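Below, each chain spelled out in residue letters.
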Amino acid sequence: MRDVRMRGFAERADVEDVERLLERIAQPLPAESVPVLECAGRVLAADVFAAVDVPGFARAAMDGYALRGEETFGASPYNRLSFELCGEALPGRPFPERLGSGQAVRIMTGAPVPEGADAVVMAEFCEELDGRVLVSEAVGPQKNVGAVGEDIRRGDAVLRGGRWLRPQDAGLLASMGCAEVPCVRRPRVRLVITGDELLPAGSLPEGYRIVDSNSVMLRALVARDGAELLSFEVLPDDPEEIRAALECEGADVVLVSGGSSVGQEDHAPRLVAELGSLDVHGVAMRPSSPAGFGRIGERLIFLLPGNPVSCLCAYEFFAGPTLRALGGRSRRWPHRRVRVPLAHKIVSVIGRTDYVRVAIDGGRAVPIATSGASILSSTVRASGAVIVPRGLEGMPEGTEVEVLLYDDEINVGDVS
Ligand code: AMP
Ligand code: MG
């Protein structure tokens, strides 16, 4: 690979070609076993079948009295029938004997229905008096009784592989006795932040030095996309230190921020080419044209430009979908989208994909005027982004566009 520093990009890849390449490469990682307590938010790697019935016993669905349903026939407020009260059944503490004819047991919701009983009369229709229960409602057999397996039947395919586990899915898995759940392994990510000028997040900008904001943003994006952050380091523009970080094993994905272009201090592209393959360097898009992608062994290396908006954009186009796909999720944009008309025209050029920040105001998408790649506040003022595809010279005012919203909240400070 020739050293392109200070010579510019000879040609840039099309966004769609890069996306296709990544789509082909990024397949779900192998399964790992995850404790049921931690499986919500993970992706199930295989179908799960129920090994047991839930519930495993007939249980009361109401607080009341368990008895033989057929013995209540004819009961009404004007004809209360009397049963012998012979004990009680509580959740986890069954009535120990078999219920005989003419008998009833006080029972609470969730308690096992005693042997010999087949129905529960709600407490509202009963009155206890001198060791007896007076029943004023007739109930048929099985009334207010939850049958064995009414929730889950043994042998049922309860959840299908590939499913993103919702909180209630995890609860259901626990209810049927799963201790470990087979989940797609989460991709492991290393952040390598480069730049001599950077101060660590949490510092005050000082003199000519700026604060590293990319790592803060990337950590949150990596977490959003279900990946596991192994480490992050802020390195000077020193080829040996960057080389060591790229060679470090253990990560599935390395996100390199800064130094991705063709400047004198942009070492990462050359190093990736040297240590593995630099599949993409330079993309026909704005911002983020100095983005790149390569591989070192099995590790996928994303070169994200240092300019914060470019960094965000390159992440959202390339790294984010890849992390989601590795984790078994959908590559799709992870937030809501809305379709609204454009408040002003957008100018672009044929052959380049544009990522335009827009605020949604009065039901229309207003392109944000200050849109340089270094102006991070443009993404804060924006509700989302509109993608202008490569084949368009722009979009006239009034065009109905799809806005990829930045979040799913009704956010304070957003115009709407
Ligand atoms: P580079 O991609 O390294 O040429 O950086 C492009 C611009 O982004 C420069 O103005 C850098 O100072 C700035 N920059 C680089 N890294 C970061 C970072 N981690 N946080 C904020 N700005 C950065
Ligand atoms: Mg730099």
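All values derive from a computational prediction rather than experimental measurement.

Novice: Sorry if this is basic, but what is going on with the environment of Glu-393 here?
Specialist: For Glu-393, the position within the fold is in the loop between strand E26 (384-388) and strand E27 (394-395). In this structure Glu-393 comes out as exposed when scored by relative accessible area, which is 59%. Separated by 42 residues in the primary sequence, Glu-393 and Gly-351 have C-alpha atoms spaced 8.5 Å apart. Non-local contacts of Glu-393, meaning those with residues more than four positions away in its chain, are made with Val-347, Ser-348, Val-349 and Ile-350.

Novice: I would appreciate a short explanation of helix H5 (residues 268-275) in the present structure.
Specialist: Of all the positions in H5, only Ala-268, Pro-269, Leu-271, Val-272 and Ala-273 are classed as buried. The inward-facing, buried residues of H5 contact helix H4 (239-247), strand E17 (253-257), strand E18 (277-281), strand E20 (292-296) and strand E21 (299-304).

Novice: Before we go on, may I ask you to explain the packing of aromatic side chains in this structure?
Specialist: Working definition: an aromatic ring pair is given by the centre-to-centre distance plus the angle between the planes. Using the criterion set out here, one finds 3 aromatic pairs in the structure. For the pair Phe-293 and Phe-302, a centre-to-centre distance of 5.1 Å together with 50° between the ring planes defines the contact as tilted. Here Phe-293 matches Phe-302 in class, with each residue buried. Consider the rings of Phe-317 and Phe-318, whose centres lie 5.8 Å apart with planes at 45°: the pair is tilted. Both residues of the pair, Phe-317 and Phe-318, belong to the buried class. An aromatic cluster of three or more residues is present, and its members are Phe-317, Phe-318 and Tyr-355.

Novice: Just checking my understanding: could you explain the pattern of salt bridges for this structure?
Specialist: It is possible for side chains bearing opposite charge to pair when their charged atoms get close. As enumerated under the stated definition, the model contains 24 salt bridges in all. Among the salt bridges present, the one from Arg-390 reaches Asp-14, with a minimum N-O distance of 3.1 Å. Within this pair, whereas Arg-390 is found in the loop between E26 and E27, its partner Asp-14 is found in the segment before helix H1 (15-25), the two being separated by 376 residues in sequence. By relative accessible area, which is 31% here, Arg-390 ends up partly exposed. Notably, a salt bridge pairs Arg-59 with Glu-150, separated by 3.8 Å at the nearest N-O pair. Within this pair, whereas Arg-59 is found in strand E3 (residues 59-60), its partner Glu-150 is found in the loop between strand E10 (145-146) and strand E11 (157-159), the two being separated by 91 residues in sequence. Salt bridges linked by common partners bring Arg-224, Asp-225, Glu-316 and Arg-324 together as one network.

Novice: Please explain the pairing of strand E28 (residues 400-405) as it appears in this structure.
Specialist: Looking along a regular strand, one sees side chains alternate from face to face of the sheet. Of the pairings in the sheet, the one linking strand E22 (residues 337-341) to E28 comprises 5 bridges and is antiparallel in character. What sits directly across from Val-338, in E28, is Val-403. Sheet analysis places E26 next to E28, joined by 2 bridges and oriented antiparallel. Pairing of Gly-384 across the sheet is with Leu-405, part of E28.

Novice: Sorry, what's going on with the environment of Pro-112 here?
Specialist: By secondary structure assignment, the location of Pro-112 is in the loop between strand E6 (103-107) and strand E7 (119-122). Pro-112 gets classed as buried once you look at its relative accessible area, which sits at 17%. Residues Pro-112 and Phe-95, spaced 17 residues apart in sequence, show a C-alpha to C-alpha distance of 7.9 Å. Those residues in contact with Pro-112 that sit more than four places away from it in its chain are Phe-57, Ala-58, Arg-59, Ala-89, Leu-90, Gly-92, Pro-94 and Ile-107.

Novice: Explain the sheet that holds E7 here, please?
Specialist: Within a sheet, each strand pairs with its neighbour through backbone hydrogen bonds, oriented either parallel or antiparallel. With respect to topology, 6 strands assemble into an open sheet ordered E7-E4-E6-E5-E9-E8, the strand pairing being mixed. Only two strands of the sheet have a single neighbouring strand rather than two, namely E7 and strand E8 (126-129). Between one strand and the next, the sheet's axes are offset by a mean angle of 40°, whatever the strand orientation. Relative to strand E9 (residues 132-135), strand E5 (residues 81-89) runs antiparallel, the two sharing 4 bridges. Across the sheet, Ser-82 pairs through a bridge with Leu-134, a residue of E9.

Novice: Explain the sheet that holds strand E16 (residues 228-235) here, please?
Specialist: Ordered in space as E16-E13-E17-E21-E20-E18, the 6 strands form an open sheet in which the pairing is mixed. One side of each edge strand has no neighbouring strand; the edge strands of this open sheet are E16 and E18. Neighbour-to-neighbour, the strand axes of the sheet open up by a mean angle of 15°, direction not taken into account. Direction of pairing for E17 relative to E21: parallel, over a ladder of 5 bridges. Looking at the pairing, Ser-257 lines up with Leu-304 of E21. Contacts from H1 reach E18, E20 and E21, with the element oriented near 30° to E20. Its contacts with the sheet put H5 on E17, E18, E20 and E21, and the angle it makes with E18 is roughly 140°.

Novice: What am I meant to see in the site of ligand 1 here?
Specialist: Near ligand 1 lie 15 residues; those nearest to it are Glu-197, Asp-212, Ser-213, Gly-259 and Gly-306. In the model, a nitrogen atom of ligand 1 is placed 2.8 Å from a nitrogen or oxygen of the Asp-212 side chain. In isolation ligand 1 has 480 Å² of accessible area, and contact with the protein removes 75% of it. When the residues that make up the shell around ligand 1 are grouped by side-chain class, the tally is 6 nonpolar, 7 polar and 2 charged.

Novice: Looking at this structure, how should I read H1?
Specialist: One turn of the α-helix equals 3.6 residues, which is why residues spaced by three or four share an orientation. Taken together, the buried positions of H1 are occupied by Val-15, Val-18, Leu-21 and Leu-22. Buried residues in H1, looked at end-on, bunch into an arc of 130°, giving them a common side. Away from its buried face, by an angle of more than 90 degrees, H1 presents the exposed residues Arg-20 and Arg-24.

Reading the values: rules and limits
Residues numbered from 1 in each chain as written. Chains lettered and ligands numbered in written order. Predicted model: local features only at pLDDT ≥ 70, side-chain atom pairs only at ≥ 80, totals over all residues. Heavy atoms only, no water. Helix = DSSP H or I, 4+ residues; strand = E, 2+ residues; numbered from the N terminus. Buried < 20%, exposed > 50% of the residue type's maximum accessible area, 1.4 Å probe, protein only. Contact = heavy atoms within 4.5 Å. Phe/Tyr/Trp six-rings, centres within 6.5 Å; stacked < 30°, edge-to-face > 60°. Salt bridge = Lys/Arg side-chain N within 4 Å of Asp/Glu carboxyl O. Pairing = 2+ DSSP bridges. Axes fitted to C-alpha atoms, helices over the stretch in contact; angles between N-to-C directions. Near = heavy atom within 4 Å. Polar contact = N/O pair within 3.5 Å; in protein donor to acceptor, adjacent residues only side chain to side chain. Areas by Shrake-Rupley, 256 points an atom, 1.4 Å probe, with all protein chains shown as cover. Nonpolar A, V, L, I, M, F, W, Y, C, P; charged D, E, K, R; others polar. Arc of directions from axis to C-beta.

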